[in-house]
Amino acid sequence: MQSNRSAKMTIAGALAEKIKSKQARCGVVGLGYVGLPLAVELGSTGFPVTGLDVQASKVGEINAGRSYVQDVGGDQVNALVAQGKLKATTDFSVVAELDTINICVPTPLRKTKDPDMSYVVSACQEIAKHIKPGTLVILESTTYPGTTDELVRPILESGDLRVGEEIFLCFSPERVDPGNAQFHTKNIPKVVGGCTPACTELGVLLYKSALETVVPVSSTQVAEMVKLLENTFRMINIGLVNEVALMCGRMGIDVWEVIEAAATKPFGFMPFYPGPGLGGHCIPIDPFYLSWKSKQAGIEARFIELAGYINGQMPHFVVDRVQQALNEHGKPIKGSHIHIMGVAYKKNIEDMRESPALDIAHLLAQRGAKLSYSDPFVPEFKVDTVELTSQDAVSMAAVCDCVVVVTDHTGMPYAQVLEKAPLIFDTRNALKGFQSDKIVRL
Ligand code: SAJ
């Protein structure tokens, strides 16, 4: 009669063998900018992968061999689907046939700046209905420390399977940086921490099979906190440099020149740049997962709150400065034609989530400006209830009262715009190196 302990070792051991031999049937829940690249990476490594998503449209695209994620080539998806290495479904009953499941669903904030865990909870509830013994589950969605142990684990253990014995549970922060040509899923070091040592070992084994560098940590809480430190670090430093920009503006100092010179320090300094505000689905969101949890632990995260306030004020600051610049040209903002260059939340991507351009356009329209925009990555842009389409920047520069550079996509016709525009407000130093009294910089 096998001892209970050796039976559990057998379960973990059998799963380890499946992973080592690439026979493990991998599932990825949530096929967005994190899940789809991971599914493709696992499939390219040789694992049979099943993508799971609640959106039938995404499932249909993948099964038709097409990609809808900027950094994933349609040819990659098509090849994997043709080889039978990748398929997608909305049917969670397939979980019963899976050996590993990575959860990559959104973790947004509610309007009250509290974490919205609804996507994670519903994914885990679906998984719990069908999960079999010998399954490794890894949560990748950015979240507060304690989520995996306090929220996910109880849902997965709602049946008679126990984490660390019949099933295994880890947290591994996603570090996808959309549009980054140098770093992608395979070569970004992967941090992973499990509920038990056996969980961690299996998580490390899976990622080592597909990725270049794996960084095991001692717990799920450490892994959860790693990601929040990374992104809170960015958000606070962006807030700091935005505040320095406000100071320099008042003191008549060129903040861009200050940062460029400070960046010559070969140690102990890392340049961040002022901008029109904080966009994206990570940096404006993740730090508030940390401040929410730390408040529960009795610590006010004052740095986060203050940086959040400063970053949130930047669109208002930009609009005030535009109004001031127009005023110096004898033009009220009301009735002026303002052309916005670049509306995505950062350069060279198409993503509009939390883009500061949304706030800036709304505030300008609220003050009576007539708006147009150019963005090669964003063909349509809705300002309040008005649907705009991307226009040719040079033609617009010739007829507008002011151009506002909000997102500095590479390759936009800055020189020609400068030639034609009567006034340019540059929030990104996109016209670095150009000298003209038509340019007003943040
Ligand atoms: N921003 C500034 N000044 C800066 C840097 C950024 O105003 O110096 C603005 C951007 O314009 C954007 C927002 O902040 O509106 C966020 O920019 P980001 O460069 O942080 O880009 P994200 O949001 O795509 O962040 C992702 C993150 N990746 C993950 O969470 C896995 C972040 O951790 C990366 O460090 C970042 O990409 C990156 O370095 O590109």
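Conventions we followed
Residues numbered from 1 in each chain as written. Predicted model: local features only at pLDDT ≥ 70, side-chain atom pairs only at ≥ 80, totals over all residues. Heavy atoms only, no water. Salt bridge = Lys/Arg side-chain N within 4 Å of Asp/Glu carboxyl O. Buried < 20%, exposed > 50% of the residue type's maximum accessible area, 1.4 Å probe, protein only. Helix = DSSP H or I, 4+ residues; strand = E, 2+ residues; numbered from the N terminus. Core = buried A, V, L, I, M, F, W, Y, C linked by side-chain atoms within 4.5 Å. Domains from an automatic or database assignment. Contact = heavy atoms within 4.5 Å. Pairing = 2+ DSSP bridges. Axes fitted to C-alpha atoms, helices over the stretch in contact; angles between N-to-C directions. Parallel < 35°, antiparallel > 145°, perpendicular 65-115°, else oblique. Left-handed = near helix turned anticlockwise from the far one by under 90°. Expected span 1.5 Å × (residues − 1). Near = heavy atom within 4 Å. Polar contact = N/O pair within 3.5 Å; in protein donor to acceptor, adjacent residues only side chain to side chain. Areas by Shrake-Rupley, 256 points an atom, 1.4 Å probe, with all protein chains shown as cover.

Asker: Any details on the pattern of salt bridges? Residues and values, ideally.
Answerer: Evaluated as defined, the whole model comprises 18 salt bridges. Note that E157 is salt-bridged to R153, the shortest N-O span being 3.4 Å. Looking at R153, the relative accessible area reads 22%, which means it is partly exposed. Close ionic contact of D401 with K331 constitutes a salt bridge, the shortest N to O distance being 3.0 Å. You can see D401 sitting in the loop between α13 (393–399) and β13 (402–405) and its partner K331 sitting in the loop between α11 (302–328) and β9 (337–341), a full 70 residues away along the chain. Several salt bridges converge on common partners, so that one network encompasses K18, R25, D99 and K132.

Asker: Give me the lowdown on the nonpolar core, citing residues and values where you can.
Answerer: Core analysis: the largest hydrophobic core is formed by 123 residues, its most contacted members being L42, I103, L136, V322, I338, L364 and F381. In terms of residues, this core owes the most to one element, α11, which gives nine residues. Of the residues that make up this core, three or more belong to each of domain 1 (2–218) and domain 2 (235–441). Those residues in contact with I338 that sit more than four places away from it in its chain are V322, L326, I333, L364, A369, K370, L371, S372, C402 and V404. If you look at the next biggest cluster of nonpolar residues, it comprises 15 residues, including A393, V405, V417 and A430.

Asker: Can you lay out the sheet that holds strand β15 (residues 439–441) for me, pointing to particular residues and giving the numbers?
Answerer: Pairing is parallel in the open sheet, where five strands are placed in the order β10-β9-β13-β14-β15. Since the sheet does not close on itself, it has two edges, and those belong to β10 (370–374) and β15, each with one partner. Mean inter-strand twist for the sheet, computed between neighbouring axes without regard to direction, equals 20 degrees. Across five bridges, the pairing between β9 and β10 is parallel. Bridge pairing in β10 links H337 to K370.

Asker: For the packing of helix α8 (residues 220–251) against α11, give the residues involved together with the corresponding values.
Answerer: Following both chains from N to C, one finds α8 and α11 inclined at 50 degrees, their axes separated by 8 Å at the closest point. Here α8 is positioned oblique relative to α11, judged by the angle of their axes. The interaxial crossing formed by α8 with α11 has left-handed handedness. Residues T232, M235, I236, I238, G239, N242, E243 and L246 of α8 touch α11, and the partners they reach there are F303, I304, A307, G308, I310, N311, M314 and F317.

Asker: Can you lay out helix α10 (residues 286–296) for me, pointing to particular residues and giving the numbers?
Answerer: With eight of its 11 residues buried, α10 lies for the most part within the structure. In this fold, the buried residues of α10 make contact with α6 (147–156), α8 and α11.

Asker: Residues and numbers for helix α7 (residues 197–210), please.
Answerer: Helix length check: α7, at 14 residues, gives a terminal C-alpha distance of 20 Å against a target of 20 Å (1.5 Å per residue), a fit within 8%. Among the residues of α7, C199, T200, L202, G203, V204, L206, Y207, S209 and A210 are the ones counted as buried.

Asker: Run through the site of the ligand, naming residues and quoting values.
Answerer: The environment of the ligand is formed by 18 residues, the closest being D177, K227, N231, Y273 and Y345. A distance of 2.6 Å separates an oxygen atom of the ligand from a polar atom in the side chain of N231. Taking Y273, its main chain carries an N or O atom lying 2.7 Å from a nitrogen atom of the ligand. Taken by itself the ligand offers 730 Å² of open surface, and the protein chains cover 85% of this. The two domains that each donate at least three residues to the shell around the ligand are domain 1 (2–218) and domain 2 (235–441).

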